[in-house]
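Spelled out, the chains give:
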Amino acid sequence: MSLVNGNEIFAEARKGHYAVGAFNTNNLEWTRAILGAAQEKGTPVLIQTSMGAAKYMGGYELCLNLVQQTIKSMNITVPVIMHLDHGNYEAAKECIEVGYNSVMFDGHDLPFAENLEKTKEIVKLAHAKGISVEAEVGSIGGEEDGVIGEGELADVDEAKQIAATGVDYLACGIGNIHGEYPDNWTGLKFERLQELADVISTPLVLHGGSGIPKEQIQKAISMGVSKVNVNTECQIAFAKATRKYIEEGHDQNDIKGYDPRKMLAPGTKAIEDIVTSRIDWFGTPSAK
């Protein structure tokens, strides 16, 4: 199946009170694991690159080509959305030109008036080419590609103004953070989420989905969250499985155990398992 922009998929998710997973890729193994899990479950999936990951992988065009060619080589038939995660203004414009199906313009660290104006510009550029747009209001806590958020609660009026620009999905800070959650984290702020959901029909996005308890994620989905981002859990699972492979001596004792295809296989399987389980958590229906 060719890549899609996801507008209909996420609108249906909002109406149906389920979510679609958005999983970051960092290389070929990540890409194959995410696509393989989605295909096995028969569900649509959003595969995304951060600015840092795209730079590491060789640029946005290479990332897009990698996903497109992997879809072809694996005979992936479920809908796949290629998305820029936490892009600044220039990155969003570049991905629109390159041919991503969806872009996030993250202007939360700008003065609100500037965030609003640039979001409007990105929406105009993207929609002219049938590309979806995600925006953000209210800082997501933690660190993402050097951008540090304090975990603000999104202002409801500001969120309404951003939604009115015509964005296709909206990330709002509701106490969520990127990376691992500290022991003193007090949980998602559902009162603010309800306030947002009451006045915004746009599908809402939960960033920092790694580490939030299942019951809190599912409650947020029932209240209007339609896209859940997962990255850190996959990174941790990959590292843990790879470390186990080496600590058990497979790289030295198995026949050609040092072959990177063998060394990276356990980590790739671990990512696939995470993606599979999160699809179940989110209640994503089969597209088959």
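It should be noted that the structure appears before, not after, this text.
Here is a short report on the structure shown in this document. (Residues numbered from 1 in each chain as written. Predicted model: local features only at pLDDT ≥ 70, side-chain atom pairs only at ≥ 80, totals over all residues. Heavy atoms only, no water.)

Structural notes on the overall build of the protein
What counts here: Secondary structure elements follow DSSP: runs of H or I no shorter than four residues count as helices, runs of E no shorter than two count as strands, and numbering proceeds from the N terminus. With C-alpha atoms as the basis for the radius of gyration, the globule rule is written as 2.2 Å multiplied by the number of residues raised to the power 0.38. With a 1.4 Å probe rolled over the protein chains alone, any residue whose accessible area is under 20% of its type maximum counts as buried; one over 50% counts as exposed, and the rest are partly exposed. Contact between two residues is taken to exist if any of their heavy atoms lie within 4.5 Å; hydrogens are not considered. The method behind every accessible area is Shrake-Rupley, applied with a 1.4 Å probe, and residues are considered shielded solely by the protein chains displayed. By the counting scheme adopted, Arg and Lys are positive, Glu and Asp are negative, and His together with the chain ends is not counted. A charge is said to be at NZ when it belongs to Lys, at CZ for Arg, at CG for Asp and at CD for Glu.
The helix and strand inventory of the protein stands at 13 helices and ten strands. For 288 residues, the compact-globule formula gives about 19 Å, and the C-alpha radius of gyration of the protein, at 18 Å, lands near that figure. Seen through its C-alpha atoms, the protein measures out along the principal axes to roughly 60 × 45 × 35 Å. For the protein, buried positions account for 55% of its 288 residues. Within the protein, contacts between residues separated by at least 24 positions form 72% of all contacts whose residues are at least 6 apart in sequence. Here the protein displays about 12600 Å² of accessible surface, and carbon together with sulfur accounts for 50% of that area. Measuring between centres, the 26 positive side-chain charges of the protein sit 6 Å from its 40 negative side-chain charges.

Regarding the pattern of salt bridges
This is how the line gets drawn: Any Lys or Arg side-chain nitrogen found within 4 Å of a carboxyl oxygen on Asp or Glu counts as a salt bridge.
For the structure on display, the rule yields nine salt bridges. Ionic pairing is found between K93 and E90, a salt bridge with its closest N-O pair at 3.8 Å. Taken together, the positions of K93 and E90, both in helix α5 (residues 89-98) and three residues apart, correspond to about one turn of that helix. The partner of R261 in a salt bridge is D259, and the shortest N-O contact between them spans 2.8 Å. Look at R261 and you get exposed, because its relative accessible area is 69%. For D259, a relative accessible area of 13% corresponds to the buried category.

Topic: the packing of helix α10 (residues 232-247) against helix α13 (residues 265-282)
Quick reminder of the rule: Axis definition: a line fitted to C-alpha atoms, over the contacting stretch in the case of helices. Angles run 0 to 180 degrees between N-to-C directions. Here a crossing is called left-handed whenever its near helix is offset anticlockwise from the far helix by less than a right angle, and right-handed whenever the offset is clockwise.
Following both chains from N to C, one finds α10 and α13 inclined at 145 degrees, their axes separated by 7 Å at the closest point. Judged by the twist between their axes, the crossing of α10 over α13 is right-handed. When α10 is examined against α13, the residues E233, C234, A237, F238, A241, T242 and Y245 are found in contact with a partner set consisting of P266, G267, T268, A270, I271, I274, V275 and R278.

Looking at α5
How we decide: To obtain the arc, one takes the directions from the helix axis to the C-beta atoms. Counting of polar contacts relies on pairs of N or O atoms within 3.5 Å, with two restrictions inside protein: one atom must be capable of donating a hydrogen and the other of accepting it, and residues adjacent in sequence are counted only when both atoms are side-chain atoms.
Y89, A91, A92, C95 and I96 are the residues of α5 that are buried. End-on, the buried residues of α5 take up no more than an arc of 165 degrees, which puts them together on one face. Where the residues of α5 are buried, they touch α3 (51-57), α4 (60-74), β3 (80-87), β4 (102-105) and α6 (112-127). The distance from a side-chain oxygen at the start of α5 to the backbone nitrogen of E90 is 3.3 Å, and the residue carrying that oxygen is N88.

Points about the nonpolar core
Heads up, the rule is: Only buried residues count toward a nonpolar core. Its members are Ala, Val, Leu, Ile, Met, Phe, Trp, Tyr and Cys residues joined through side-chain atoms within 4.5 Å.
Membership of the largest hydrophobic core comes to 78 residues, with the highest contact counts inside it found for V80, Y100, V103, L170 and F282. Here this core gets seven residues from one element, more than from any other, and that element is α13. Here F282 is in contact with Y18, A19, V20, G21, F23, I217, I221, V228 and V230, once residues within four sequence places are set aside. Counting residues in each nonpolar core, the second largest holds twelve residues, with F10, V20, L46 and V205 among its members.

Quick notes on the packing of helix α2 (residues 28-41) against α13
A packed helix pair is summarised by two numbers, namely the angle formed by the two axes and the spacing between the axes. Filter applied, for reference: Here the angle decides the label: under 35 degrees means roughly parallel, over 145 means roughly antiparallel, 65 to 115 means roughly perpendicular, and every other value means oblique. Each residue is assigned to one of three groups, with Ala, Val, Leu, Ile, Met, Phe, Trp, Tyr, Cys and Pro labelled nonpolar, Asp, Glu, Lys and Arg labelled charged, and all others, Gly among them, labelled polar.
One can describe the packing of α2 onto α13 by two numbers: an axis separation of 8 Å at closest approach and a directional angle of 40 degrees. The angle between α2 and α13 places the two elements in the oblique class. Read as a crossing pair, α2 and α13 show a hand that is right-handed. Residue-level contacts link E29, W30, A33, I34, G36, A37, A38 and K41 of α2 to T268, I271, E272, V275, T276, I279 and D280 of α13. Residues that form the contact of α2 with α13 fall into these classes: eight nonpolar, three polar and four charged.

A look at the environment of I81
Relative to the helices and strands, I81 resides in strand β3. Separated by 19 residues in sequence, I81 and L62 place their C-alpha atoms 16 Å apart. Excluding residues that lie within four positions of it along the chain, I81 makes contacts with V4, N5, G6, I9, F10, V45, L46, I47, S102 and Y169.

Remarks on α10
What counts here: In this scheme, a helix's expected span is set at 1.5 Å multiplied by one less than its residue total.
Taking 1.5 Å per residue as the helical rise, α10 with its 16 residues ought to reach 22 Å, and the 22 Å between its terminal C-alpha atoms agrees with that figure. Burial in α10 covers these residues: T232, E233, C234, A237, F238, A241, T242 and Y245. Turning to α10, the residues buried within the fold contact α2, β10 (225-230), α11 (250-253), α12 (260-263) and α13.

It is worth stressing that arrangement in space is one thing and function is another; only the former is reported here.
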